[in-house]
Amino acid sequence: MAAKVLIKDVIEEFDLEIVSGEEGINRPITVSDISRPGLEMAGYFNYYPAERVQLLGKTELTFAERLSEEDRANRLTKLCSDTTPGIIITRNMEVPPQLIEASEELAVPVLRSKHKTSLFSSRLTNFLERKLAPTTAVHGVLVDIYGVGVLITGKSGVGKSETALELVKRGHRLVADDCVEIRQEDENLIVGSSPELIEHLLEIRGLGIINVMTLFGAGAVRTHKKISLVMSLELWEQNKQYDRLGLDEEKMKIIDTEVTKLTIPVRPGRNLAVIIEVAAMNFRLKRMGVNAAEQFTNKLNNVISDERK
C-alpha cells in the first residue's frame, strides 16, 4: 500500500509560511530525500533531483546574491519544475523576487521556515520517512507485553480479542484490535498501530464493543509499538505435530521484515493469555542469550554421550 504525502501536509506539520505558488500546495511528495541545490545554484543541472523537496538555506541564498541578475533568474527558474513538490527557505530569509515570479508562473509552492537549515532538514527527513514508509494492514490484535510487541493472529472467532482482554487485565497494554496498520520505518523495524476509528476499542463476542482506556485507564493502551513476535492461534488438530521443544524457529514475513512466529493450538482448558505472556518473556530471554530449549538439548546430549562411554 503506497503512502501519500502532499506538500500541504508539510506546511501544516511545521507551520510554514506560504510565500508564493499557493496553487500547488496539493503537489505530492514521493521521496523522503531532501535536496539542497548547491551545485544547481552554480549552474550544474545535469542531475537535478526535481522530485525532491528543495531546501534553500543561508549558503545557497548568499551565493545567489553574488550572481548576475540574468544567471540568478535563470537558475532559480530552473529550480521550479513540474515535478518539484515545493521549495523551502529557512531562517526566515528574504525570498529572491525571481524565485517568487517563477513559482507563481509554474505553481510551485515557495515556503518559509524560521528554523535553522540543518535542524529543519533533519526534522523534515524524519517526518517524510515516517509518512512514506511502506505500509500494510493485518487482521489481528497487537499487545505490548513486557515491552515486547506481540501480534496475535488467527481465524475469526478463535479468541484473539478475548485473549487480549485477559492480557490487559493482567497489566499489559493494548495497541490495536481487529485491524493492525503496519509500517516499515527502517530495515527490520516494523511498527503497528490502530486505525483512528477503532483506537482503544475491543470487540468481544456476546458483550459487544468496549473502550479499554475508559475501563482500565490510560496505562492500559498505547498508540503504536514495534512488532517483535507473532503468535498464531489455531484450533487444535488431533493428528498435527506441534513443536514441543521450541528449537525450530518459524518466521513470518511482514512487508520486508522477517518476524519470529509461534503457532499456539487452541482447545478448552488452555489459558492462552498466560501462554502468550510466557512466550513474550521467553522471547526476551532468548534475545539476552538464554535459550532453555538449547540448554535442555545440550544436557540431554551430554547424558546420552556419558551413557555410551
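Just so it is clear, the structure is predicted and the values come from calculations on it, not from any experiment.

**Student:** So what about the overall build of the protein chain? Which residues, and what values?
**Tutor:** Scanning the protein chain for helices and strands turns up 10 helices and 19 strands. Relative to its length of 309 residues, the protein chain is extended, with a C-alpha radius of gyration of 27 Å against a globular reference of 19 Å. Along the three orthogonal principal directions, the C-alpha set of the protein chain runs to about 90 × 60 × 30 Å. A total of 309 residues make up the protein chain; the buried ones form 45% of that total. Contacts in the protein chain between residues far apart in sequence, at least 24 positions, make up 67% of those at least 6 positions apart.

**Student:** For the UniProt feature "domain: HPr(Ser) kinase/phosphorylase N-terminal" (unreviewed entry) in the protein chain, give the residues involved together with the corresponding values.
**Tutor:** Per the UniProt entry, the sites bearing "domain: HPr(Ser) kinase/phosphorylase N-terminal" (unreviewed entry) are residues 6-128 in this numbering. From the first C-alpha to the last, residues 6-128 spans 10 Å; its make-up is 43% helix and 15% strand.

**Student:** For helix 3 (residues 58-65), give the residues involved together with the corresponding values.
**Tutor:** Regarding helix 3, the residues found buried are Glu60, Leu61 and Ala64. When helix 3 is viewed along its axis, its buried side chains cluster within an angular range of 90° and face the same direction. Residues of helix 3 that are exposed and point over 90 degrees away from its buried face: Thr59 and Glu65.

**Student:** Talk me through the side chain of threonine 153; I want residue IDs and the actual numbers.
**Tutor:** Relative to the assigned elements, threonine 153 resides in strand 10 (residues 148-154). The exposure class of threonine 153 is buried, given its relative accessible area of 10%. Those residues in contact with threonine 153 that lie beyond four places of it in its chain are Val138, His139, Lys160, Val230, Met231, Ser232 and Leu233.

**Student:** Kindly report on the nonpolar core, identifying the contributing residues and their values.
**Tutor:** Membership of the largest hydrophobic core comes to 29 residues, with the highest contact counts inside it found for Val150, Ile152, Leu233 and Ile276. For this core, the secondary-structure elements that each account for two or more residues are strand 9 (141-145), strand 10, helix 7 (160-169), strand 14 (201-204), strand 17 (229-235), strand 19 (257-266) and helix 9 (272-287). If we ignore the near neighbours within four places in the chain, the residues touching isoleucine 152 are Gly140, Val141, Val143, Lys160, Leu167, Met231, Leu233 and Ile276. Core analysis: the second largest hydrophobic core is formed by 18 residues, Phe45, Ala64, Cys80 and Val110 among them.

**Student:** Let's hear about the domain arrangement of the protein chain: which residues, and what values?
**Tutor:** Partitioning the protein chain into structural domains gives domain 1 (7-132) and domain 2 (135-298). Distance between the C-alpha centres of domain 1 and domain 2: 44 Å.

**Student:** Let's hear about the pattern of salt bridges: which residues, and what values?
**Tutor:** Using the criterion set out here, one finds 8 salt bridges in the structure. Of the charged contacts, one joins arginine 222 and aspartate 144 as a salt bridge, the two residues approaching to 3.0 Å between their closest N and O atoms. Within this pair, whereas arginine 222 is found in the loop between helix 8 (212-216) and strand 16 (224-226), its partner aspartate 144 is found in strand 9, the two being separated by 78 residues in sequence. Overall, the relative accessible area of 24% leaves arginine 222 in the partly exposed class. Taking relative accessible area as the criterion, aspartate 144 reaches 5% and is therefore assigned buried. What you see here is one network of salt bridges that share partners, running through Asp144, Arg173 and Arg222.

What counts and what doesn't
- Residues numbered from 1 in each chain as written.
- Predicted model: local features only at pLDDT ≥ 70, side-chain atom pairs only at ≥ 80, totals over all residues.
- Heavy atoms only, no water.
- Helix = DSSP H or I, 4+ residues; strand = E, 2+ residues; numbered from the N terminus.
- Rg over C-alpha atoms; globule rule 2.2 N^0.38 Å.
- Buried < 20%, exposed > 50% of the residue type's maximum accessible area, 1.4 Å probe, protein only.
- Contact = heavy atoms within 4.5 Å.
- UniProt positions renumbered as here; feature names shortened; annotations may be inferred.
- Arc of directions from axis to C-beta.
- Core = buried A, V, L, I, M, F, W, Y, C linked by side-chain atoms within 4.5 Å.
- Domains from an automatic or database assignment.
- Salt bridge = Lys/Arg side-chain N within 4 Å of Asp/Glu carboxyl O.

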